[in-house]
Amino acid sequence: MEKEAPNLPVEVISYILHFLSMSDRKEASLVNRAWHAASLDQSLQKNVFYRLQGTYDSLEFIRSLGRRQTSCVALSNLDGSAASKMVIQSIAFHLAPHLKNLLLRDSSITESSFVALVPSCRNLWGLDISSCNSLFVPSTLLSTEEIRARTAEALVDLRELNLSNLRYLSDLTFNRLTECTPKLQKLALAACPIAFEFDPYRGTNTCNSTVSLSLNNILCFLDRQAATLKCLNFSRTSITNEAVQSVVKVAGLNLEGLVLQHCKDLTDDAVCAICMCQPGLITLDLTGCAELTDRSVTAMVSLQYLEHLFLGKIRLLTDNGLKNLSTIPTLRTLDLSECYQVSGRELVKGLVFPQATPNLVSLNFSCCTMVKDSCVFSMGAILHESLRELDLTSCVYITDFSIYVITNYLKGLTALRLGWCKGITDSGLLGMNIANDNCQLAMKDEKPQIITESDMEPSKEKEGASLRALTCLKELCLTACTKLTDTSITREIRFQELKTLTLSMVREITDESVVSIAAHCRSLEGLALNHCGQLTDQGMIAAASHMKRLTNLEISCCDKITNQALEVLMQECKWLRSLDVSMCNGLTIADIERLQLFHPRLTSIKAKYLGERTYVSDSLNETG
């Protein structure tokens with residue numbers, strides 16, 4: 001008879017749990033009491049947010065979180081009701097001493113609740129009050145000296161403050177808040193109505209308007225906080241070139257991150273000023289700044305510490321501007337999504353320069369419709385050691401040859417997105433694609449060579465690795481790859497670590513694929529099967545017992561799915577929290593209402609257009 005395994009100390013179990021993903025920790029915490037206690041170790045809870053609602057049902061859960069010394073909480077559905085006030089009081093009593101991050105985003109929290117909660121949180125590092133407009137309507141927030149002093153004492157170590165989407169934020173309330181945060185490092189003012197061109201104070205430094213937030217006041221704040229401030233976010237504002245230049249030229253300001261998404265008034269002059277005045281930038285996000293051109297990208301070559309660059313939706317950007325980006329030695333993330341004039345050809349040429357250091361980890365070519373197989377081949381051969389995330393969504397000229405390249409060269413990928421690449425077939429996933437021997441690049445003693453279309457004439461004999469060669473894959477998107485069938489799906493989608501799989505609009509797959517995926521991808525947490533009309537209850541029921549970790553399921557427009565399958569899914573998939581069954585003709589509103597009644601843990605349901613007028617809206621999770 002075998003001896004029982006010895007009981008491990010909680011400290012040893014906690015150490016083991018450090019090597020597991022979040023879903024693995026959830027499963028491990030259910031082993032026994034010792035493993036559950038170990039999973040609550042503070043070092044494992046640093047980035048875990050618990051979502052709470054402003055209802056009486058949250059009170060007992062808050063007390064249990066207090067015993068765990070939870071450090072990150074997100075609150076929703078707060079208002080002036082008695083239930084919300086009790087939730088605030090309970091959090092202030094049980095959680096406040098341990099909180100590091102507090103999210104009040106999109107809530108209707110009142111001023112009285114805010115001053116009852118925040119001054120009690122003496123160890124906050126992050127505070128998010130974005131879209132909390134009710135808090136700023138009266139302009140009386142922190143108006144008394146006593147409350148301001150208590151708040152300043154609590155927020156003395158605050159590092160991150162999010163004030164985005166606040167319509168009523170004024171100079172007066174902004175100053176009251178920021179005067180309480182002497183160590184602030186990150187400030188977000190995205191989508192705030194800031195007066196960039198109008199000076200209400202006519203050059204004076206007395207900024208105390210109760211109706212508007214002005215650039216002058218923000219510049220005064222930057223002067224005071226220049227020594228500590230590292231990241232700014234002015235996304236979706238009307239910031240001008242002159243305003244950007246004023247910000248980046250503030251004496252002593254050394255930014256590491258600047259986010260200017262969808263600032264439509266910016267031109268190349270602003271970007272040139274940024275690159276000249278802030279050479280230490282690590283992250284630069286210019287997504288949606290539609291007036292920028294190649295001149296802006298050329299100026300970025302001077303940012304020799306840049307790691308993350310986001311240039312999505314810049315329609316005037318061409319290949320010529322990307323030629324020298326590869327000379328930035330630290331560049332890890334490059335987002336070129338929806339840059340319709342980019343084919344990647346010049347970027348590849350830059351990567352083979354002697355001075356280039358190709359270390360990209362994440363590359364996004366989503367909706368770059370000029371990207372072709374030749375570019376993917378060259379990229380794969382050059383970045384085979386570093387690349388971990390590749391997005392080729394809607395690159396309509398991609399064929400099975402690119403799959404051959406990916407599976408043979410990019411075996412370290414953790415995320416692969418190929419949605420709407422309709423040229424991909426079963427043969428590509430199965431490794432039966434053809435490749436010319438001329439495409440084998442010399443990798444030993446020299447840089448890879450550029451591959452042209454003429455280099456890729458097929459020999460019709462050579463087979464490559466199949467999709468299963470990507471053993472590290474955690475995310476796979478094959479949306480609308482309409483030529484795929486059960487033949488490749490059942491044989492190739494077998495990944496132990498796969499977390500998210502999207503097969504929406506792959507209309508040819510049947511129950512056979514779903515059962516195979518469930519059996520061979522046991523770590524799956526998110527599964528999207530929208531518009532897969534051949535799926536039935538039989539397949540979903542057979543798959544349910546294998547999808548123990550599923551948290552999000554999308555099966556909209558699957559007309560053969562009925563309430564029978566949903567009941568089995570709810571019984572087998574204990575972690576399921578989000579479900580989309582919109583336009584499923586086999587379901588009724590009564591089915592969904594019954595599902596919500598008997599399975600309250602299912603906290604987000606989309607059930608639009610089920611043939612009745614009742615509408616079931618989304619609700620927020622109570623736990624993260």
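Use the structure listed above.
Note that this is a predicted model, so its numbers are computed, not measured.

Caption draft 1: Representation of the pairing of strand E2 (residues 72–76). Among the five residues of E2, five are classified as buried, and the element is accordingly described as predominantly covered. Here E2 shows two buried faces, one formed by Cys-72, Ala-74 and Ser-76 and the other by Val-73 and Leu-75. Of the pairings in the sheet, the one linking strand E1 (residues 50–53) to E2 comprises four bridges and is parallel in character. Looking at E2, one finds that Leu-52 is bridged to Leu-75. The β-α-β motif built from E1, the intervening helix H4 (residues 58–68) and the parallel element E2 has right-handed crossover chirality. Across three bridges, E2 lies against strand E3 (residues 101–103) in parallel orientation. In the sheet register, Val-73 faces E3, and the bridge partner there is Leu-102. For the segment spanning E2, helix H5 (residues 82–94) and E3, crossover handedness is right-handed.

Caption draft 2: Fine view of the environment of Arg-167. Within the fold, Arg-167 resides in the loop between strand E5 (160–162) and helix H8 (171–178). Arg-167 sits 168 residues away from Asp-335 along the chain, and the two C-alpha atoms are 30 Å apart. Once you skip the residues sitting within four places of it in the chain, Arg-167 turns out to touch Asn-133 and Pro-193.

Caption draft 3: Broad picture of the nonpolar core. Judged by nonpolar contacts, the single largest core of 180 residues is most densely connected at Leu-189, Leu-336, Phe-365 and Ile-493. Discounting residues that sit within four places of it in the chain, Leu-189 has contacts with Leu-163, Ser-164, Leu-169, Phe-174, Ile-194, Leu-213, Ile-218, Asn-233, Phe-234 and Thr-237. Formed by six residues, the second largest nonpolar core is a distinct cluster that contains Ile-13, Leu-17, Ala-28 and Trp-35.

Caption draft 4: Inspection of H4 at higher detail. Taken as a whole, H4 has its buried residues at Ser-58, Leu-59, Ile-62, Ser-64, Leu-65 and Gly-66. Looking at the buried positions of H4, the neighbouring elements they touch are E1 and H5. Gln-69 occupies a position one or two residues after H4 and carries a positive phi of about 60°.

Caption draft 5: Quick look at the packing of aromatic side chains. Scanning the model with the defined rule gives seven aromatic pairs in all. A ring pair is formed by Phe-196 and Phe-234, whose centres lie 6.4 Å apart and whose planes are at 75°; its orientation type is edge-to-face. Note that Phe-196 is positioned in the loop between strand E7 (194–195) and strand E8 (213–214) and Phe-234 in the loop between strand E9 (231–233) and helix H10 (241–248), a separation of 38 residues in sequence. Comparing Phe-196 with Phe-234 shows no difference in burial state: the two are buried. Ring geometry for Phe-401 and Tyr-404: centres 5.7 Å apart, planes at 35°, overall tilted. Of the two residues, Phe-401 and Tyr-404 are both situated in helix H15 (residues 400–409); the distance of three residues between them amounts to about one turn of the helix. Assigned by exposure class, Phe-401 and Tyr-404 land together as buried. Of the aromatic side chains, those joined through ring pairs into one cluster are Phe-377, Phe-401, Tyr-404 and Tyr-409. Across from the ring centre of Trp-125, 4.3 Å away, lies the NZ or CZ of Arg-159, which sits over that ring. Just above the ring of Tyr-397 sits the side chain of Lys-372; from NZ or CZ to the centre is 5.6 Å.

Quick notes on the rules
Residues numbered from 1 in each chain as written. Predicted model: local features only at pLDDT ≥ 70, side-chain atom pairs only at ≥ 80, totals over all residues. Heavy atoms only, no water. Buried < 20%, exposed > 50% of the residue type's maximum accessible area, 1.4 Å probe, protein only. Helix = DSSP H or I, 4+ residues; strand = E, 2+ residues; numbered from the N terminus. Pairing = 2+ DSSP bridges. Right-handed = clockwise from strand over helix to strand, strands pointing away. Contact = heavy atoms within 4.5 Å. Core = buried A, V, L, I, M, F, W, Y, C linked by side-chain atoms within 4.5 Å. Phe/Tyr/Trp six-rings, centres within 6.5 Å; stacked < 30°, edge-to-face > 60°. Lys NZ or Arg CZ within 6 Å of the ring centre and 35° of its normal.

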